[in-house]
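Coordinate analysis (summary)
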Amino acid sequence: MQEQLRKSDTLNIVGELAAGIAHEIRNPMTALKGFIQLLQSSMKEEEHSLYFNVITSELARIESIITEFLVLAKPQATQFQNHDIRKIMSDTIDLLNAQALMHNIQISCHFHEPLPDVYCEGNQIKQVFINIIKNAIEVMPNGGNIGIKIQYEKGKQLIHTSIRDEGEGIPEDKIEKLGEPFYTTKERGTGLGLMISYKIIKEHKGMIDVESKVGEGTIFHIYLPTQNG
Ligand code: ADP
Ligand code: MG
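Here the structure is a predicted model, which is why all the values come from computation and not from measurement.

What follows is about the site of ligand 1. In the region of ligand 1, 21 residues are neighbours, and Asn 135, Thr 184, Gly 189, Gly 193 and Leu 194 sit closest. Where the shell around ligand 1 is concerned, the elements lending two or more residues are helix H4 (122-138) and helix H6 (193-203). Its residues assigned to classes, the shell around ligand 1 shows eight nonpolar, ten polar and three charged.

It is worth spelling out helix H3 (residues 85-102) at this point. Over its 18 residues, H3 extends 26 Å from the first C-alpha to the last, a length consistent with the 26 Å expected when each residue adds 1.5 Å. Of all bends in H3, the biggest is about 50°, found at Leu 96. Residues of H3 that are buried include every one of Ile 85, Ile 88, Met 89, Thr 92 and Ala 100, and no others. Within two residues after H3, Asn 104 carries a phi angle of roughly 65°, on the positive side.

Before going further, it helps to examine the confidence of the model for the protein chain. Low pLDDT means the predicted coordinates in that region are not meant to be read closely. Predicted confidence across the protein chain gives a mean pLDDT of 85, with 86% of residues reaching 70 or more. This complex was scored by the predictor with a pTM of 0.81 and an ipTM of 0.99.

Next up on the list: the nonpolar core. Of all hydrophobic cores here, the largest spans 31 residues; its most connected members are Phe 129 and Ile 133. With eight residues, H4 is the largest single contributor of residues to this core. Those residues in contact with Phe 129, other than ones at most four positions away along the chain, are Ile 88, Met 89 and Thr 92.

About the criteria used
- Position labels on residues start from 1 in each chain and follow its written sequence.
- A letter from A marks each chain and a number from 1 marks each ligand, given out in the order of writing.
- Given that the model is predicted, a residue must reach a pLDDT of at least 70 before its local features are reported, and side-chain atom pairs must reach 80 or more before they are shown or counted; all residues, however, enter totals for whole chains, interfaces and linings.
- To decide nearness, the C-beta atom of each residue is placed from the backbone, and the residue is near a molecule or strand if that atom lies within 6 Å of it.
- The helix count covers DSSP runs of H or I at least four residues long, the strand count covers runs of E at least two residues long, and both are numbered beginning at the N terminus.
- Amino acid classes used here: Ala, Val, Leu, Ile, Met, Phe, Trp, Tyr, Cys and Pro are nonpolar; Asp, Glu, Lys and Arg are charged; the rest, including Gly, are polar.
- Working rule for helices: expected span equals 1.5 Å times residues minus one.
- Bend angle per residue: angle between axes fitted to the 7 residues ending at that residue and the 7 residues starting there.
- Buried, partly exposed and exposed are defined by the number of other C-beta atoms within 10 Å of a residue's own C-beta, namely 20 or more, between the two limits, and 12 or fewer respectively, with C-beta atoms placed from the backbone.
- Values of pLDDT, ranging from 0 to 100, describe the predictor's confidence in every residue of the model.
- Connectivity within a nonpolar core runs through C-beta atoms within 7 Å, and the core itself is a set of buried Ala, Val, Leu, Ile, Met, Phe, Trp, Tyr and Cys residues.
- Contact between two residues is assigned when their C-beta atoms, built from the backbone, lie within 7 Å.

Below, the structure is given as structure tokens:
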């Protein structure tokens, strides 16, 4: 019963967001189509490099939207089962490490043990970790450190994952805006990554807390219950 409820919640999320995503993807696609048509009809060499820049940049935008929704875009049904959060995190880091190193960013991990399993949809939790670590990478254009800790808060029966960066930080009055659809401060941002992450964690009866100091950095705290129901 509980599982069925969760599944239908997930379907609702997909339904709610599908229109927004389609809209977001349609814009760069329209731009790409236009520039490719221009390339076909125009022979002026100096314009080619401008068109190729636009095409590359719009393709990157589509890629970033798809990455943030990677999991939900998969056709397979959601599957809740017991997972070791450390394993989901190390899979996520394997996925993002090359991108981090390319930007001179070191990811360091501290995993407490023993750690009870969390009953969750593994791919969705991975999606949350991807979106938050991706933001941490993007906020340190000149390199730095990302510190990840996973610990068990026995009294509250919560798995507490924290992801810390050394980026610009978030002003206090902007923290409440995090997770709003399309809220972004980036020139080429989607404002979708945190919204989907907040929804996924809420659906797991967990919580996200943000601790930030402008000029010093940000910590995203993700809490997931080890006891469901
Ligand atoms: P996007 O990354 O496309 O902007 P997100 O939903 O992932 O969309 O993030 C929304 C906004 O939240 C970002 O544009 C940024 O302003 C803020 N934000 C998220 N993570 C961080 C972080 N680690 N440090 C500073 N600001 C952040
Ligand atoms: Mg993002």
